[in-house]
Amino acid sequence: TQLLEQSPQFLSIQEGENLTVYCNSSSVFSSLQWYRQEPGEGPVLLVTVVTGGEVKKLKRLTFQFGDARKDSSLHITAAQPGDTGLYLCAGGRWNFGNEKLTFGTGTRLTIIP
Amino acid sequence: DVKVTQSSRYLVKRTGEKVFLECVQDMDHENMFWYRQDPGLGLRLIYFSYDVKMKEKGDIPEGYSVSREKKERFSLILESASTNQTSMYLCASSKPGLAGRVIMNEQFFGPGTRLTVL
């Protein structure tokens, strides 16, 4: 069962445009992370959000955790070709005393120069 | 520079073969994880380990086993490879969280092994 759905699955836009990627679940998570994966590499952490309603900014990237801690969004302003990659959200949960990440389905972003 | 390394970038095996995927981390992390990555499905957790000789099933453990004899090394074993196990396999490691804390620690990933089972 896939607990985290991301939309859109694919997104291709021109350099300089803005975009938003969504991560939705029916489950509550204690924290949520966003990773970016480039071809031939493993995912790399971008941000962790913990509090419902929390907003974090990383240069041109803005991350928001939903009030109910079930969903999140990633907004990119003035997209650059270097933003191209696979974006993955991952929800954190405690499972019998152990922590576990559940990853989303992924959004493949292509920025056209 | 911290690193998670995986034994092979590409691997081709035949149906029924026993397959070993090796992962080594140099960060002294207690936690290690094996995921498989398929298009449209994201990363799915196969097995994880919180200590040497300890292992826990993830979401899709069927057809896989693991071994953690040393802290830095976590092996994924396909006892009898099948074509539906053709996938990208990613290993990751992390520090353990404190008991009761809610913030997940960063997971550090290897570059992946693309396995094809013919």
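These lines cover the structure that appears in this document, whether it is placed above or below. (Residues numbered from 1 in each chain as written. Chains lettered and ligands numbered in written order. Predicted model: local features only at pLDDT ≥ 70, side-chain atom pairs only at ≥ 80, totals over all residues. Heavy atoms only, no water.)

Some words on the sheet that holds strand 3 (residues 19–24) of chain A
Residues and elements named next belong to chain A. Filter applied, for reference: By this definition, two strands are paired if DSSP reports at least two bridges between them. Working definition: helices are DSSP H or I runs of at least four residues, strands are E runs of at least two. Numbering for both runs from the N terminus. In this description, a line fitted to the C-alpha atoms serves as the axis of each element, helices being fitted only across the stretch in contact, and the angle between N-to-C directions of two axes falls anywhere from 0 to 180 degrees.
On the basis of which strands lie adjacent, the open sheet formed by five strands has the order 1-3-8-7-6 and antiparallel pairing. Strand pairing shows two members of the sheet lacking a second neighbour, strand 1 (5–7) and strand 6 (55–58), which therefore form its edges. Across the sheet, the axes of successive neighbouring strands diverge by a mean angle of 15°, strand direction being ignored. Relative to strand 8 (residues 71–76), strand 3 is paired through six bridges, and the arrangement is antiparallel. When the sheet's bridge partners are listed, Cys 23 is paired in strand 8 with Ser 72.

A word on the pattern of salt bridges
Residue and element names in this part refer to chain B. Inclusion rule: Throughout this description, the term salt bridge denotes a Lys or Arg side-chain nitrogen within 4 Å of a carboxyl oxygen of Asp or Glu. Each residue's exposure class comes from its accessible area (1.4 Å probe, protein chains only) as a fraction of the maximum for that residue type: buried when under 20%, exposed when over 50%, partly exposed otherwise.
This model, assessed by the stated rule, comprises ten salt bridges over all chains. One salt bridge in this structure joins Arg 73 and Glu 22, with 3.9 Å as the shortest N-O distance. Pair noted here: Arg 73 is in strand 8 (residues 73–78) and Glu 22 is in strand 3 (residues 19–25), with a separation of 51 residues, a long-range link. Looking at Arg 73, the relative accessible area reads 37%, which means it is partly exposed. Each of Asp 28, Glu 30 and Lys 71 takes part in salt bridges that share partners, so that together they form one network.

Details of the packing of aromatic side chains
Stated precisely, the cut-off is as follows: Under the pairing criterion, centres of Phe, Tyr and Trp rings, with the six-membered ring standing for Trp, must be within 6.5 Å; the plane angle then separates stacked pairs below 30 degrees from edge-to-face pairs above 60, leaving the rest tilted.
If you walk through the whole model with that rule in mind, you get ten aromatic pairs over all chains. Ring plane angle 45° and centroid distance 6.5 Å describe the contact between Trp 34 of chain A and Phe 63 of chain A, whose orientation is recorded as tilted. Within this pair, whereas Trp 34 of chain A is found in strand 4 (residues 31–37), its partner Phe 63 of chain A is found in strand 7 (residues 61–65), the two being separated by 29 residues in sequence. Phe 63 of chain A sits in the buried class, given a relative accessible area of 0%. Both rings, one in Tyr 35 of chain B and one in Phe 109 of chain B, keep their centres 5.7 Å apart while their planes meet at 40°; by these two values the pair is tilted. One end of the pair, Tyr 35 of chain B, is in strand 4 (residues 31–38); the other, Phe 109 of chain B, is in strand 10 (residues 108–109), with 74 residues separating them in the sequence. Both residues of the pair, Tyr 35 of chain B and Phe 109 of chain B, count as buried.

Considering the interface of chain A and chain B
Rule in force here: The contact criterion used is simple: two residues touch if any of their non-hydrogen atoms lie within 4.5 Å. Take the accessible area each of two parts loses on contact, using a 1.4 Å probe, and add the two losses: that sum is the buried area. Asp, Glu, Lys and Arg are counted as charged, while Ala, Val, Leu, Ile, Met, Phe, Trp, Tyr, Cys and Pro are counted as nonpolar; the rest, among them Gly, fall into the polar class.
The partner chain B presents 29 residues to the 26 residues of chain A that form the contact. Taking both sides of the interface into account, the surface hidden between chain A and chain B amounts to around 2,200 Å²; carbon and sulfur atoms contribute 54%. Summed over the three residues of chain A that lose the most area to chain B, namely Trp 94, Glu 99 and Lys 100 of chain A, the buried surface amounts to 27% of that side. Applying the counting criterion to the chain A and chain B interface returns zero salt bridges. Listed by contribution, the elements that provide at least two residues to the side of chain A that touches chain B are strand 4, strand 5 (44–49), strand 9 (85–95) and strand 10 (98–103) of chain A. Residue classes in the side of chain A that touches chain B are distributed as nine nonpolar, 13 polar and four charged.

A few points about the layout of surface pockets
Residues and elements named next belong to chain B. For clarity, the cut-off: Here a cavity denotes grid points, spaced 1 Å and computed from the protein atoms alone, that fit a 1.4 Å probe unable to get out, and a pocket denotes an open set having protein on both sides within 12 Å along at least 5 of 7 lines; residues with an atom within 4 Å of a point are the lining. Grid points are joined across faces, edges and corners, and a volume is the space filled by probe spheres set on the points.
What the largest pocket holds in volume is close to 510 Å³. Only strand 4 and strand 9 (87–94) provide two or more residues apiece to the lining of the largest pocket. By residue number, the principal contributor to the lining of the largest pocket is strand 9, which donates three residues. Residues that form the lining of the largest pocket fall into these classes: eight nonpolar, eleven polar and six charged.

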